[in-house]
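# Fold and geometry: a report
One-letter residues, chain by chain:
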Amino acid sequence: MKVLLIGSGGREHALAWKLSQDTTVEHIYCLPGNPGMSSVSKCENVPFDISDLNGLADFAEQHKVDLTVVGPEAPLVAGIADVFVERKLAVFGPSKLAAQLEGSKSFSKELMAKYNVPTAFFKICNTSAEAKAFIRTKGAPIVIKADGLAAGKGVVVAMTLEEAFAAVDMMMGDRKFGEAGARVVVEEFMPGEEASLLAFTDGKTVVPMIAAQDHKRIYDNDRGPNTGGMGAYAPAPVVTEEIKQKAVEKILKPVVAAMRNEGMPYVGCLYAGLMIANGEPKVVEFNCRFGDPETQAVLPLLDGNLAEIMLACAEGTLKPEMVKWHDGAAVCVVMASGGYPDVFEKGKKIKGLRDVKKVMSAEVFHAGTKQNGEDVVSNGGRVLGVTAMGKTIREAKDSAYEAVALIDFEKKYFRKDIAWRALKE
Ligand code: AMP
Ligand code: GLY
């Protein structure tokens, strides 16, 4: 089959890499793709404005594409799946209404409350006076979330009342995130350890993937500001078999059933961000797409045909036996531009990309890179996701860092402790 893959980050490079291994796939159009994806077999990068949803559907029709896979959330929240379904084009990703699970925090919190899905106690606030009054009654620590999409930056975990009020002023007063902050969700602080559990679903059947753990903070020991994610590993031992079962039965399955019941069936990858405490998982957030960088650690462990699974999701024929997993582990270390997540420089020549082939089982997924003549140069905050597999997390981690050591660019920065929670004690 011919696949159209939308996006240009590390997640999409990992998707392209895994899709290319599916024997049923003959060609993958990557719109717009990145320099790493152009060297994946069967892949062809095509420059494209991916906010042009009708243009993307025209492309799929003209090129007789059998399956479209949407990487990032923005086109999903904008309704790309509706445009494709309307034109009878198979698409892996939720409809505009279903994508509200990520696109609107108030929607997802209200759905969870209605269907008794475990999550933090909350209040949806339409004015800053309302938000501040609720914060005063609850006290700190407390969490303030902009309702709409804010590029992963719309959440403030406030340790004091002053921080909480400042967050409300920043979102609702200064409109730091534009209309996304016209409404906020104020919610109870949940202690515990986080993990990401992603699942394939065709709107009825839900098949969980292997649980992963991201590292959101910029510095070692989980300190400093939040980032898009500085590394990930899978499987995450904090998600024991028992906790995974609970997450599937109390969270993933009820939410997919709820969405169908609400008349907005959810098709695609459902990402549950979990907080785990005392053996119980609660929902921190939902995303309507694969995680980045979790995908780079989860997909290498998939022992199945990704395109076949995704097509089955799009066509409503997903079966649990399609999704199998390899034993072992994978670790992804993100190499970033120094200064990220604040100010950083781009255009630094990346050296050593070819040397990485010396490290068995290592794969370098490009996130923010650009081709500049013969050179590949940095072109974003997160530049590369250096991934390796191993029999154990330690083995995968050692190989990933062995590969990282072979890559160089000016002012590179990476965390040295990816997977530390799995390896402590
Ligand atoms: P989100 O964008 O909703 O995933 O939030 C970003 C980060 O804020 C999460 O990964 C958590 O580390 C933290 N966070 C969000 N909500 C809560 C909560 N209710 N309690 C504790 N931490 C939270
Ligand atoms: N790794 C966090 C996310 O994809 O939202």
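Below you will find a few notes about this structure. (Residues numbered from 1 in each chain as written. Chains lettered and ligands numbered in written order. Predicted model: local features only at pLDDT ≥ 70, side-chain atom pairs only at ≥ 80, totals over all residues. Heavy atoms only, no water.)

### With respect to the overall build of the protein chain
Each helix and strand in the protein chain was counted, giving 13 helices and 23 strands. Here the protein chain has a C-alpha radius of gyration of 21 Å; the compact-globule value for 425 residues is 22 Å, and the two agree. Across its three principal directions, the C-alpha atoms of the protein chain cover 60 × 45 × 40 Å. Taking all 425 residues of the protein chain together, 58% fall into the buried category. Counting only contacts in the protein chain whose residues sit at least 6 apart along the sequence, the fraction spanning at least 24 positions is 68%. Roughly 17500 Å² of accessible area belongs to the protein chain as shown, and the carbon and sulfur atoms make up 51% of that amount. Side chains of the protein chain carry 51 positive and 55 negative charges; the gap between the two charge centres is 2 Å. (Helix = DSSP H or I, 4+ residues; strand = E, 2+ residues; numbered from the N terminus. Rg over C-alpha atoms; globule rule 2.2 N^0.38 Å. Buried < 20%, exposed > 50% of the residue type's maximum accessible area, 1.4 Å probe, protein only. Contact = heavy atoms within 4.5 Å. Areas by Shrake-Rupley, 256 points an atom, 1.4 Å probe, with all protein chains shown as cover. Lys, Arg positive; Asp, Glu negative; His and termini not counted. Charge placed at Lys NZ, Arg CZ, Asp CG, Glu CD.)

### A word on the packing of aromatic side chains
In this structure the tally under the stated criterion is ten aromatic pairs. Note on Trp-17 and Phe-365: the rings are 5.5 Å apart at their centroids and 75 degrees apart in plane angle, and the pair reads as edge-to-face. Pair noted here: Trp-17 is in helix α1 (residues 10-20) and Phe-365 is in strand β19 (residues 362-366), with a separation of 348 residues, a long-range link. A centroid spacing of 6.3 Å and a plane angle of 45 degrees characterise the contact between Tyr-401 and Phe-414, whose relative ring orientation is tilted. On the criterion of sequence distance, the pair formed by Tyr-401 in helix α12 (residues 393-404) and Phe-414 in the loop between β23 (412-413) and α13 (420-423) is long-range, its members being 13 residues apart. Here Tyr-401 matches Phe-414 in class, with each residue buried. One residue, Arg-289, lies across the ring of Tyr-271, its end atom 5.9 Å from the ring centre. Above the ring of Phe-414, the side-chain terminus of Lys-416 is found at 4.5 Å from the ring centroid. (Phe/Tyr/Trp six-rings, centres within 6.5 Å; stacked < 30°, edge-to-face > 60°. Lys NZ or Arg CZ within 6 Å of the ring centre and 35° of its normal.)

### Some thoughts on the side chain of Asn-287
With respect to the helices and strands, the residue Asn-287 is situated in strand β17 (residues 280-287). Accessibility expressed as a relative area gives 4% for Asn-287, which makes it buried. Not counting residues within four places of it along the chain, the set of residues in contact with Asn-287 comprises Glu-102, Tyr-266, Cys-269, Leu-270 and Tyr-271.

### Comments concerning α1
Burial analysis of α1 places eleven of its eleven residues in the buried class, which makes it a mostly covered element. By the burial criterion, the buried members of α1 are Gly-10, Arg-11, Glu-12, His-13, Ala-14, Leu-15, Ala-16, Trp-17, Lys-18, Leu-19 and Ser-20.

### Topic: the pattern of salt bridges
Evaluation of the coordinates by the stated rule reveals 27 salt bridges. Here Glu-61 makes a salt bridge to Arg-87, at a shortest N to O gap of 3.1 Å. Of this pair, Glu-61 sits in helix α2 (residues 53-62) while Arg-87 sits in the loop between α4 (80-86) and β5 (91-92), and the two are 26 residues apart along the sequence. Judged by relative accessible area, Glu-61 falls into the partly exposed class, the value being 40%. Lys-109 is the partner of Glu-187 in a salt bridge, and the nearest nitrogen-oxygen pair spans 2.7 Å. Highlighted residues: Glu-187 in strand β9 (residues 184-188) and Lys-109 in helix α6 (residues 105-114), separated in sequence by 78 residues. (Salt bridge = Lys/Arg side-chain N within 4 Å of Asp/Glu carboxyl O.)

### Some details on the sheet that holds β5
Spatially, the five strands line up as an open sheet ordered β3-β2-β1-β4-β5, and their pairing is parallel. Only two strands of the sheet have a single partner each, and these edge strands are β3 (43-45) and β5. With three bridges connecting them, strand β2 (residues 27-32) and β3 associate as parallel partners. Counterpart to Ile-28 in the pairing with β3 is Cys-43. Set on the sheet, α2 makes contact with β1 (2-7), β2 and β4 (67-70); between it and β1 the angle comes to about 160 degrees. (Pairing = 2+ DSSP bridges. Axes fitted to C-alpha atoms, helices over the stretch in contact; angles between N-to-C directions.)

### A closer look at the environment of Gly-9
Within the secondary structure, Gly-9 sits in the loop between β1 and α1. Judged by its relative accessible area of 14%, Gly-9 falls in the buried class. Sequence separation between Gly-9 and Pro-72 is 63 residues; the distance between their C-alpha atoms is 8.6 Å. Residues contacting Gly-9, with those up to four places away along its chain left out, are Asn-34, His-366 and Ala-367.

### As for the site of ligand 1
What surrounds ligand 1 is a group of 15 residues, the closest being Glu-187, Glu-188, Met-190, Glu-194 and Glu-285. Backbone polar atom of Met-190 to a nitrogen atom of ligand 1: 2.8 Å apart, as the coordinates give it. A distance of 2.4 Å separates an oxygen atom of ligand 1 from a polar side-chain atom of Glu-194. Expressed as a share of its isolated accessible area of 470 Å², the protein-covered part of ligand 1 is 91%. (Near = heavy atom within 4 Å. Polar contact = N/O pair within 3.5 Å; in protein donor to acceptor, adjacent residues only side chain to side chain.)

### Quick word on the sheet that holds strand β10 (residues 193-201)
What the four strands build is an open sheet, ordered β11-β10-β16-β17; its pairing is antiparallel. Every other strand in the sheet has two partners, leaving β11 (206-208) and β17 as the edge strands with one partner each. Strand-to-strand, the axes of this sheet are offset by a mean angle of 35 degrees, without reference to chain direction. As paired strands, strand β16 (residues 268-277) and β17 are joined by seven bridges and run antiparallel to one another. Among the inter-strand pairings, Gly-273 is bridged to a residue of β17, identified as Glu-285.

Keep in mind these values describe shape, not function.
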